[in-house]
Each structure stands twice: as structure tokens, then as C-alpha cells.
Amino acid sequence: MNESEGLRYRGFNRPQIITDEPPEHAAKSDSTYSGRIFRLTFMALAFLLLVPVLAALLILECPIDPSYMSFQEPPLMTGALEVNLKLRQAERLFEGELVGPESIVNIGDVLYTGTADGLILKIQDGKIHNLTRIGKPPCGTREDEPTCGRPLGIRVSPNGTLLVADAYYGLYEVNPDTGEVSLILSSETPIKGRKMGFVNDLTVTRDGRKIYFTDSSSKWQRRDFTLLVMEGKDDGRLLEYDTVTKEVKVLLDGLRFPNGVQLSPNEDYVLVAETTMARIRRCYTSGLTKGGADMFAENLPGFPDNIRPSSSGGYWIVMSAIRPNPGFSTIDFVAERPWIKKIVFKLLNQETVMKLVPKYSLVLELNEDGSYKRSFHDPHGMVVAHPSEAHEHDGHLYLGSFRSPFICKLNLKDI
């Protein structure tokens, strides 16, 4: 036998593996086996992650007892609500020099505002001056806020002083020159058996006799406003204080986060923003309808904060969160699903939830009948962030904020 025949012989007699499956099926079986291992591993990991989460959901307490709420479909962003970038033309003032200038007023060309560190500031000739504070240090953290104080709504009284609504302390009068502080109404004073837990905004008659103000909640304080919004608690009130008789009346009760207030030009009614419900209520203060109330503007495209007069005879409304249409409104979605809110607040704190809310700054000008006149937008809050108020002065809008470290100034002639 030669060498080539030997090779053929050895090749012919090479041992063979006998199987009932064709080669293709065997490969497929190997693949199926690997896939089964992967699925089992994935399911095991998912189970290991899911068990602690489910345990947490069962064990952890939820800080809120959310109410079921239902909204109409939001208005389309067309016509006067057409999306634009006009707010991005605003100029940031004093960036990094103050935090949370919630509300702004002017006496002449001097501006006044209250900030997150409890201060009431005087802004004159381009410089910031510390005028006074209502609370006491330390300040700067959520835990400090109740003792530090938080000035929110601020107005100029007929006699030229400042009227300030402090979220924790109540209503105060401040001398704009000396900073001297006088208590008008303490938040510790029971009104119809309930203390005020969250004094928010105020407006005053031209003669100074009546001050209308909001108590946003008797359960939640300002530092927990996110919980108030998500719970939908209806324990807010619109109140009237008589500076002569010292009497306090409840004009409207059962409101969900009553916020900004504004008297009409004729002082025959007062508007109150019901933030959680995306609407503005009207309460009549004189005439045949005195004591009655109706809806001034409902199903708004966002959640209103402060209300201030516009030079056209209408009103400026500011919103830092909107209900997009077209688009998806997260707040509308969870309003009808309280169980989602419970899960969220069992797992996340308020600050984290705030970061999850899409930023969108919107300023509306309403006509005197509550219809839309025009709107200024800043999608994603790139220039104007977390706005709380639009104060019109000398052809400009000064935009306050409940948490941003600046004031924005928008020239109305340019837009």
C-alpha cells in the first residue's frame, strides 16, 4: 500500500459522531439553550431588583393622601397661545446676587422684593440693599425656612409703605426707607378655628381699608408646596382683613392651592389663582353680587401663580409648568391616577420630583373678561426659569421667580 492509499484509508475509517438530529437542528438547540440561560438570568436579576422595590412600596409611608382630580383637555396652543420664544429676549438682572425674588413692586424707580433667605431687598441705582427681614437666621435650607421666614406677595400701600405676606409669619407692613417692621396679622391667629399654614399673596384697596389675601393650605407649609400640588388638598382660603375693625372674613373656602390675588380696576371683585386646578376664580366684593363667586378663567394652559394688572386694563398671569396641547401633560395624566402619586412620593423626595417636571415658562396677558390677549414663551426655561410673577413698570415686565437666582426684565416695546 502506497502513502496516498494509506491516507485515504485512514481518512475513510475516521471515527464519526452519530446523531439523530441534522446539523442545523443541533446548532439551533445550542442557541435555544443559550437563550434559555439568558432569560433565566435576566428574570432572576429582575426578581432580585423587583422584590426590594415591592417591599419598599408596601413598607414605606406616603406623605400625601392624593385626591382624584380630572381636567378637561388643555386648550390648543394656537392663536394668542401660539408657541414663541419671546421670553428669551429678557435680560437677567443681578444673577447670583439674590435667590427666589418671588414678588416685585416699585416705588418710583426703586424696586423691592422678598427672597428665599428671608430678606426684603431694596434695589436702587443698580445696586441691591438689604432692607430688613421678618424672621431670624439661620437661613438657606428647607429646615430653616419656618423660622427664617419666606416673604412672598408684596404690595405698596396707599400711604407708601410695603405690605408683605410672609408664608410663615403672616401679614406685615414695612417702612421702605428705614426697614421698620410692623405686624398686621399673625399666622397664629385662628380664622374660623384654623390657623393659617401658608400665607401666600395679597392685594389692597386704594383706600387701604381692605386687604385680600390667600392662605394656600392649613396642612402644608410653603416648603412642602410640591406635596400640596400633588395631593390636591382643598383646604385653601381667600380671606379679607379689615384694617380698621381688625376683623378677618373667609370669602372662599375649599380651594385647591389658592395662590395669587388681584383686585379689579373698579375694586368690585378680586381674582384668585387656584393653582392646582389650572384656573382663576372671581369673588365679588361689592354691588348686588357681593359675596358671590364664579369662574373668571378656567382650563388654563398651565398652573397659575401670581396675578398682576397690565397697563391695558387686563391681567398678567405667570406659569412655570404647562399643560401642552399638542403634547403630553404629565400632571393631567397622574391627576386621575392617585396611586401613581403615592408610588412616586414613596420613592422620591420633593426636590427630585421638581427636577422631573419639564421646565416651561409662560406669561399670559388676559383681557378684562378673562380671554387670552397674548402670550410669551420660553420652552425649557432657558432664559426665564421658574417664574412666579410679572410686574409691569415703565414699559417693561419684571419677572420674579420662586427659586431662580435672578430677576428677568423684558422690554415690551421690543415684542
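Read on for a plain summary of the structure. Keep in mind that what you see is a predicted model, and the values were worked out from it rather than measured.

1. Comments concerning unusual backbone geometry
As a rule of thumb, non-glycine residues mostly have phi less than zero, and peptide bonds are mostly trans rather than cis.
So, point 1. Along the chain, Pro-137 connects to Pro-138 via a cis peptide bond; the corresponding omega equals 5 degrees.
So, point 2. With respect to the helices, strands and loops of the structure, Pro-138 is situated in the loop between strand E5 (127–133) and helix H3 (145–148).
So, point 3. Following Asn-325, the chain continues to Pro-326 via a peptide bond in cis, the omega torsion being 10 degrees.
So, point 4. Mapped onto the elements, Pro-326 comes out in the loop between strand E19 (315–322) and helix H5 (330–335).
So, point 5. The phi angle at Lys-246 is positive, at roughly 65 degrees, despite the residue not being glycine.
So, point 6. With respect to the helices and strands, the residue Lys-246 is situated in the loop between strand E12 (236–242) and strand E13 (248–255).

2. Quick word on the packing of aromatic side chains
So, point 1. Tallied over the full model, the rule gives eight aromatic pairs.
So, point 2. An angle of 85 degrees between the planes, with centres 6.4 Å apart, marks the rings of Phe-71 and Phe-303 as edge-to-face. With Phe-71 in the loop between helix H2 (23–59) and strand E1 (91–93) and Phe-303 in strand E18 (residues 302–309), the pair connects residues that are 232 residues apart, well separated along the chain. Phe-303 matches Phe-71 in its accessibility class, with the two residues each being buried.
So, point 3. Where Phe-198 meets Phe-257, the ring centres are 5.7 Å apart and the plane angle is 45 degrees; that geometry is what we call tilted. Of this pair, Phe-198 sits in the loop between strand E9 (181–186) and strand E10 (199–204) while Phe-257 is found in the loop between E13 and strand E14 (258–263), placing the two residues 59 residues apart along the sequence. No difference in accessibility class separates Phe-198 from Phe-257, as the two residues are buried.
So, point 4. Taken together through their ring pairs, the aromatic side chains of Tyr-269, Tyr-284, Phe-296 and Tyr-315 make up a single cluster.

Quick notes on the rules
- Residues numbered from 1 in each chain as written.
- Predicted model: local features only at pLDDT ≥ 70, side-chain atom pairs only at ≥ 80, totals over all residues.
- Heavy atoms only, no water.
- Helix = DSSP H or I, 4+ residues; strand = E, 2+ residues; numbered from the N terminus.
- Phe/Tyr/Trp six-rings, centres within 6.5 Å; stacked < 30°, edge-to-face > 60°.
- Buried < 20%, exposed > 50% of the residue type's maximum accessible area, 1.4 Å probe, protein only.

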